[in-house]
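Inside the fold
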Amino acid sequence: MKLNNYYTVETVLSGHPDKVCDQICDAILDEFISVDKSANVTVECMGTNDTLFIGGEVGSDCSIDVEKTVLRTYRSIGYNTPLNIINKLHKESNQTNDPLKNNLAGDQGIMYGFACENRFNFLPYGVYLVNAIAREIDGFRKETNIYLPDGKVQLTISNNEIESVVVCVQHDESVNIEELKMQILNRLFLKFPELSMAKKVFFNYNSNFVKGGFSIDAGLSGRKIIADTYCGLVPHGGGSFSGKDPYRMDRSAAYMARFIAKNLVANQFCKQCLVSLAYVFGYEKPVMITVESENPLLDNKLLQLVQDTFDFSPKGIVEQLDLYNTRFLSTATYGHFTNPEYPWEKIVCL
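Residues numbered from 1 in each chain as written. Predicted model: local features only at pLDDT ≥ 70, side-chain atom pairs only at ≥ 80, totals over all residues. Heavy atoms only, no water.

**Quick word on the overall build of the chain**
As a reminder of what qualifies: For helices the rule is a DSSP run of H or I covering at least 4 residues; for strands it is a run of E covering at least 2, with both sets numbered from the N terminus onward. We compute the radius of gyration from the C-alpha atoms alone; for a globule the expected value is 2.2 Å times N to the 0.38, where N is the number of residues. Exposure is judged per residue with a 1.4 Å probe applied to protein chains only, and the accessible area is read against the type maximum: over 50% gives exposed, under 20% gives buried, and values in between give partly exposed. A contact between two residues is defined here by any heavy atoms of the two lying within 4.5 Å. Each accessible area value is a Shrake-Rupley result obtained with a 1.4 Å probe; residue values ignore everything except the protein chains displayed when judging cover.
A count of helices and strands for the chain gives nine helices and 11 strands. At 21 Å, the chain has a C-alpha radius of gyration in line with the 20 Å of a compact globule built from 350 residues. Structurally, the chain occupies a C-alpha span of about 60 × 50 × 25 Å along its principal axes. Across the 350 residues that make up the chain, the buried fraction comes to 55%. Look at the contacts in the chain between residues 6 or more apart in sequence, and 73% of them connect residues 24 or more apart. Counting every atom, the chain has about 15600 Å² of accessible surface; 49% of that belongs to carbon and sulfur.

In structure tokens, the structure reads:
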């Protein structure tokens, strides 16, 4: 496949209502795994106004204080308003639990992993940069408390140069927008000098952003799956990650595909790589594995190397990436592939 040299990417700040839901789901998942490493968990949530609805299945003999976990996460993001929590988590059915116990895929699905040769953690420049900017804006807020948690960032990139920057942040009604703009942009220009060369910079353009989070928009877990991965520059199988335990292929197989793609590029087998996997419910191995590089003549050789080297069973992936010793809350913001410390981001010798 060939990446477009002209593209737009977007991500959201930690206080965006969809991201709040993702973080809550992964916080609940982490709590269950901390008390029961064999726990099977699929959690979803939806928030609006002053209410959060939690649903999903849990396969574990252990219990956690779900409400306490939710409120701790909600407060840590920066929201202090009351939250009415409706907890409808229920025991996982044998229909989905039995395949997992037998090391079989618990669902069907398609997963993709991508990497390209560059210094931005083997990601397209814009994907890495837009998430780094969002992280910096959130960090600056926590240092200064001069604005509020909700917000978005968007970049348009042309031939690895920034054409436009869009930053939207939630703020108090009394804030001087021009002053706030200057403070945030000065911080960003200091951290990312290339932003100062952008042809256009939009900051809270033509709007006041006073209300944010659940008070202005419904949040839904799993809705930011494009921002979570490669910002739409490569295919996405459609499955979300947050709130799903390591045996859920939507999450673990996407991590495995990224791990393989990154390591093929990092070990200089190719300069660009897309790994595709497909699973079927109740079957141990993927029904499809493909490897696409910048040179189609290499692809069969790379595919054979991948098939000979890696175990694609659910158990094999979990063990290869040490997923039950991973905490997932931090992955729910700024993309799942931007932090080189995540186990699926480790570079190994092939």
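**As for the pairing of strand 4 (residues 84-91)**
The test is simple: Pairs of strands are assigned from DSSP output, requiring at least two bridges between the strands. Throughout, right-handed denotes a crossover for which the path from the first strand over the helix to the second runs clockwise when the strands point away from the viewer.
Looking at chain direction, strand 3 (residues 51-59) and strand 4 are connected through eight bridges and run parallel. Each bridged residue has a counterpart across the sheet, and for Thr-51 the counterpart in strand 4 is Asn-84. Note on the crossover from strand 3 through helix 2 (residues 66-77) to strand 4: the handedness is right-handed.

**Section: the environment of Gly-126**
Inspection of the secondary structure puts Gly-126 in helix 4 (residues 125-144). Classification of Gly-126 as buried rests on a relative accessible area of 0%. Taking the C-alpha atoms as reference points, Gly-126 and Ile-162, separated by 36 residues in sequence, lie 8.6 Å from one another. The residues touching Gly-126, leaving out its near neighbours within four places in the chain, are Tyr-7, Val-9, Leu-155 and Ile-157.

**Side note on the sheet that holds strand 1 (residues 6-12)**
Backbone-to-backbone hydrogen bonds join strands into a sheet, with any given pair of strands oriented parallel or antiparallel. How we decide: Whenever a helix is involved, its axis is fitted only over the stretch in contact; in every case the axis is a line through C-alpha atoms, and angles between N-to-C directions fall within 0 to 180 degrees.
Strand order in this open sheet of four strands is 1-6-7-8, and the pairing throughout is mixed. In the strand order of this sheet, the two ends are held by strand 1 and strand 8 (200-203), each with one partner. The mean inter-strand angle of the sheet, taken between neighbouring strand axes irrespective of direction, is 10°. Alignment of strand 6 (residues 151-158) against strand 7 (residues 161-169), held across eight bridges, turns out to be antiparallel. In the sheet register, Val-153 faces strand 7, and the bridge partner there is Val-167.

**Looking at the sheet that holds strand 10 (residues 272-279)**
Taken together, the three strands give an open sheet; going across it, the order is 5-10-11, and neighbouring strands pair in antiparallel fashion. On the outer flanks of this sheet lie strand 5 (109-116) and strand 11 (288-293), each paired with one strand and no other. Ignoring which end each strand starts from, the neighbouring axes of this sheet average 10° apart. For strand 10 and strand 11, the ladder comprises six bridges, and the chain directions are antiparallel. Residue pairing for strand 11: Val-275 is matched across the bridge by Val-291.

By themselves, these are just geometric observations and shouldn't be taken as functional.
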